[in-house]
Amino acid sequence: MAYSNKVVDHYENPRNVGSLPKDDVNVGTGLVGAPECGDVMKLQVKVNPETGVIDDAKFKTFGCGSAIASSSLATEWLKGKTVEQALAIKNTEIVAELSLPPVKIHCSVLAEDAIKAAIADYKKKQDEAKGVQPAAEHAQPSA
Amino acid sequence: MKLPIYMDYHATTPVDPRVLDAMMPYFREKFGNAASRNHPFGWEAEDAVEAARKQVADLIGANAKELIFTSGATESNNLAIKGVAEMYREKGNHIITCVTEHKAVIDTCKKLEKQGLRVTYLPVQKDGRIDLDELRAAITDKTILITIMTANNEIGVVQPIAEIGAIAKERGILFHTDAVQAVGKIPFDVNALKVDLVSISAHKIYGPKGVGALYVRRRNPRVLLAEQISGGGHERGMRSGTLNVTGIVGLGKAAELCRQDMEKDTERLRTLRDRLNQKLHENLDEIYINGSMEHRLPHNLNISFAYVEGESLLMGINDVAVSSGSACTSASLEPSYVLKALGAGDDLAHSSIRFGLGRWTTDEEVDYVVDKLTKVVRRLREMSPLYEMVKEGVDLSKMQWVTH
Ligand SMILES: Cc1ncc(COP(=O)(O)O)c(C=O)c1O
Ligand code: FES
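Now for a description of the structure that goes with this document. Keep in mind the model is a prediction, meaning the values are calculated, not measured.

### Quick word on the overall build of chain B
1) Next: A count of helical and extended segments in chain B gives 13 helices and 13 strands.
2) Next: Since a compact globule built from 404 residues should have a radius of gyration of about 22 Å, the 22 Å found for chain B is in line with a globular shape.
3) Next: In terms of overall dimensions, chain B has C-alpha extents of about 80 × 55 × 35 Å along its principal axes.
4) Next: Sequence-distant contacts in chain B: of pairs separated by 6 or more residues, those separated by 24 or more amount to 71%.
5) Next: Accessible surface for chain B amounts to roughly 16,500 Å². Of this, 51% is attributable to carbon and sulfur atoms.
6) Next: Each charge sign in chain B was given a centre, from 51 positive and 54 negative side chains, and these centres are 4 Å apart.

Structure representation (structure tokens):
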């Protein structure tokens, strides 16, 4: 299969690879996919508590070139967005930006799922921090 | 060294220049139809076909009369299995095969099942070989055919063909083997192995595409096949159609060269393959060989690079032609059924690379591939959430994954 130039660029120069401290209350972590399916994405956002704006985003992905590119692109788009704006990112926008062929659409779906999971985790931690109950483990599946 | 590097010799092989030279006259001045009995053009073509039949027969210890030319191994497999099923219908309706067979065998068997035949698909053990006791247990008095490949096209694992042949013979059951990946590469003798039907393909042994052969035993027992392509009654009535003279000449020459050079080629390729394997193991941890190393084609290596996905790996070594069992490289989005059958877990199937070395593979190419692959695996592991989790001490098998 031939890859679009943008997919190749993200694959070769992935943006924002890495990890943020997952126990930080201002960090949300999303982990989606499964090794048996051939794709696992970890996407993290760090939200500025004053402004509600995402000022950092990181990813790590086990998956095909399109999955890597989708998550790399997602981290680029997330930075500078508010949490609500981030939730509005649609997989179809990723498909369009990266010119993904039909068989690779699920890679973009996974990226959208990862964004949603990261934000859900962030919100959960914020609620817990505000509430009385002790902060539970992050939303990552427990070992 | 020329890029890209071809290391996918199980998929196909280039035509050897000596093979092409042998074929050329039959495109030009010697263009006759081998079935034309009344002029020299026909005689010349017929002589060439018969010489090729002998060359192929010599490679597998057969008699030339026992070979039928086909359009390739897909057709040979179809003819052998459907031809036996139809011809021996009175005798029985049960076929035994195995889960790691090529699609040309599996799908043929599935089709026969729809027509009322019973098929047993034997599982394989962790090493990729069938269990002979399971084979014995699967045999019934309705079993008419056992079809087990000699060497697998993905993992290169060689089945215990002589043992299977002995069991089949003892029980009076016909034995077919898809020997596409083995013939010409490792010693293969139809009498020593006690096989009755053998599928062969030219393009896997440095011959042209679209031509193959089926060995059909003529004595002890005399195997009969119901024709699957009807017409002028060519090839002893078992396969009609004007013979592909150029292709057949190419197959014959390719077979002759394989026979001449087998020992030398095998030694050279085994050394190269072992070097590839050893260097990868020196450079990288957590890499796993799929299938038996002991019972394996000398030019095959199939390795899973844990925590990195196969397609992303191929993308990083885009000047090297290899293939992967990853779902992401297949149209069906299913990982390799062969690797799944080994029971190592789908995650390792997604992380696998198949290397097929061949006649023109060099030391330099092997070293280049090792180097490049090492860099890419390291880079992708740095990018892999699985690798990170394992380094943090997480047991991936105990995770609750959020699947879609
Ligand atoms: C084991 C095996 N059987 C059958 C085939 C089909 O051969 P052909 O391409 O000649 O139809 C192949 C090649 O793809 C193969 O590897
Ligand atoms: S992760 Fe498998 S196709 Fe993208």
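### Digging into the overall build of chain A
1) Next: Along chain A, the regular secondary structure elements total five helices and three strands.
2) Next: Of the regular secondary structure in chain A, the N- to C-terminal order runs α-β-β-β-α-α-α-α.
3) Next: For 143 residues, the compact-globule formula gives about 15 Å, and the C-alpha radius of gyration of chain A, at 15 Å, lands near that figure.
4) Next: On the principal axes, the C-alpha backbone points of chain A span a range of 55 × 35 × 20 Å.
5) Next: Every one of the 143 residues in chain A was classed for burial, and the buried ones make up 51%.
6) Next: Pairs at least 24 apart in sequence give 61% of the contacts found in chain A among residues at least 6 apart.
7) Next: Accessible area of chain A: about 5,900 Å², with a carbon and sulfur share of 54%.
8) Next: For chain A, the distance from the average site of its 16 positive side-chain charges to the average site of its 19 negative ones is 1 Å.

### Focus on the environment of Ile-54 of chain A
All names here are of chain A.
1) Next: Tracing the sequence through the fold places Ile-54 in strand S3 (residues 54-62).
2) Next: Note on Ile-54: relative accessible area 1%, which makes it buried.
3) Next: Separated by 35 residues in the primary sequence, Ile-54 and Ser-19 have C-alpha atoms spaced 15 Å apart.
4) Next: Discounting chain neighbours no more than four positions away, the residues touching Ile-54 are Val-45, Lys-46, Val-47, Leu-78, Lys-79, Gly-80, Lys-81, Thr-82, Ala-86 and Ile-119.

### Observations concerning the sheet that holds strand S8 (residues 212-216) of chain B
Residues and elements named next belong to chain B.
1) Next: Pairing is mixed in the open sheet, where seven strands are placed in the order S2-S8-S7-S6-S5-S3-S4. Two strands in the sheet have a free side with no partner beyond their single neighbour: strand S2 (67-70) and strand S4 (118-122). For this sheet, the mean inter-axis angle between neighbouring strands, taken without regard to orientation, is 20°.
2) Next: By the bridge criterion, three bridges tie strand S5 (residues 143-147) to strand S6 (residues 174-178) in an arrangement that is parallel. Bridged to Ile-146 within S6 is Phe-175.
3) Next: Against the sheet, helix H4 (residues 103-114) contacts strand S3 (94-98), S4, S5 and S6, and its axis sits at roughly 145° relative to S4.

### Concerning the pattern of salt bridges
All names here are of chain B.
1) Next: Tallying each qualifying case throughout the model produces 36 salt bridges over all chains.
2) Next: With a closest N to O distance of 3.0 Å, Asp-58 and Lys-54 form a salt bridge. Pair noted here: Asp-58 and Lys-54 are both in helix H2 (residues 40-60), with a separation of four residues, about one helical turn.
3) Next: Using a relative accessible area of 31% as the deciding quantity, one classes Asp-58 as partly exposed.

### Observations regarding a positive patch on the surface
Residues and elements named next belong to chain B.
1) Next: Together, Lys-103, Lys-110, Lys-111 and Lys-114 make up a region of like positive charge exposed at the surface.
2) Next: Along the polypeptide, Lys-111 turns up in helix H4.
3) Next: Assessed through its relative accessible area of 45%, Lys-111 is described here as partly exposed.

### Some thoughts on the interface of chain A and chain B
1) Next: Contacts between chain A and chain B engage 34 residues on the former and 32 residues on the latter.
2) Next: Summed over both sides, the interface between chain A and chain B buries roughly 2,900 Å², with carbon and sulfur atoms accounting for 64% of that surface.
3) Next: Counting across the interface, chain A meets chain B through four salt bridges.
4) Next: Here Lys-42 of chain A ties to Glu-388 of chain B by a salt bridge, and the two come within 2.6 Å at their closest N and O atoms.
5) Next: The tally of links from chain A across to chain B stands at 15 residue pairs in polar contact (both at pLDDT 80 or more).
6) Next: The set of elements that each furnish at least two residues to the side of chain A that touches chain B consists of helix H1 (5-12), strand S1 (27-34), strand S2 (39-47), S3, helix H2 (65-78) and helix H5 (105-130) of chain A.

### Things to note about the pairing of S4 of chain B
All names here are of chain B.
1) Next: When S3 meets S4, the two strands line up parallel, connected through five bridges. Its bridge partner lying in S4, His-94 is registered against Arg-118.
2) Next: Between S3 and its parallel partner S4, the chain crosses via H4, and the hand of that crossover is right-handed.

### Details of the packing of aromatic side chains
Residues and elements named next belong to chain B.
1) Next: Taken as a whole, this structure holds five aromatic pairs over all chains when the rule is applied.
2) Next: Summarising the aromatic geometry, the rings of Phe-31 and Phe-41 are spaced 5.2 Å apart at their centres and angled 35° between planes, so their arrangement reads as tilted. Of the two residues, Phe-31 sits in the loop between helix H1 (17-23) and H2 while Phe-41 sits in helix H2, which places them ten residues apart along the sequence.
3) Next: Arranged with centres 5.7 Å apart and planes meeting at 50°, the rings of Tyr-307 and Tyr-387 form a pair that is tilted. With a gap of 80 residues between them, Tyr-307 in the loop between strand S10 (300-305) and helix H9 (310-316) and Tyr-387 in helix H13 (residues 385-391) connect regions that are remote in the sequence.
4) Next: Using a relative accessible area of 12% as the deciding quantity, one classes Tyr-307 as buried.
5) Next: Since its relative accessible area comes to 15%, Tyr-387 is described here as buried.
6) Next: Through a chain of ring-to-ring contacts, three or more aromatic side chains come together here, namely Tyr-6, Tyr-9, Tyr-206 and Trp-360.

Procedures and definitions
- Residues numbered from 1 in each chain as written.
- Chains lettered and ligands numbered in written order.
- Predicted model: local features only at pLDDT ≥ 70, side-chain atom pairs only at ≥ 80, totals over all residues.
- Heavy atoms only, no water.
- Helix = DSSP H or I, 4+ residues; strand = E, 2+ residues; numbered from the N terminus.
- Rg over C-alpha atoms; globule rule 2.2 N^0.38 Å.
- Contact = heavy atoms within 4.5 Å.
- Areas by Shrake-Rupley, 256 points an atom, 1.4 Å probe, with all protein chains shown as cover.
- Lys, Arg positive; Asp, Glu negative; His and termini not counted.
- Charge placed at Lys NZ, Arg CZ, Asp CG, Glu CD.
- Buried < 20%, exposed > 50% of the residue type's maximum accessible area, 1.4 Å probe, protein only.
- Pairing = 2+ DSSP bridges.
- Axes fitted to C-alpha atoms, helices over the stretch in contact; angles between N-to-C directions.
- Salt bridge = Lys/Arg side-chain N within 4 Å of Asp/Glu carboxyl O.
- Patch = residues over 30% accessible without salt bridge, like charges linked within 9 Å, V, L, I, M, F, W, Y side chains within 5 Å.
- Buried area = accessible area lost by both parts, 1.4 Å probe.
- Polar contact = N/O pair within 3.5 Å; in protein donor to acceptor, adjacent residues only side chain to side chain.
- Right-handed = clockwise from strand over helix to strand, strands pointing away.
- Phe/Tyr/Trp six-rings, centres within 6.5 Å; stacked < 30°, edge-to-face > 60°.

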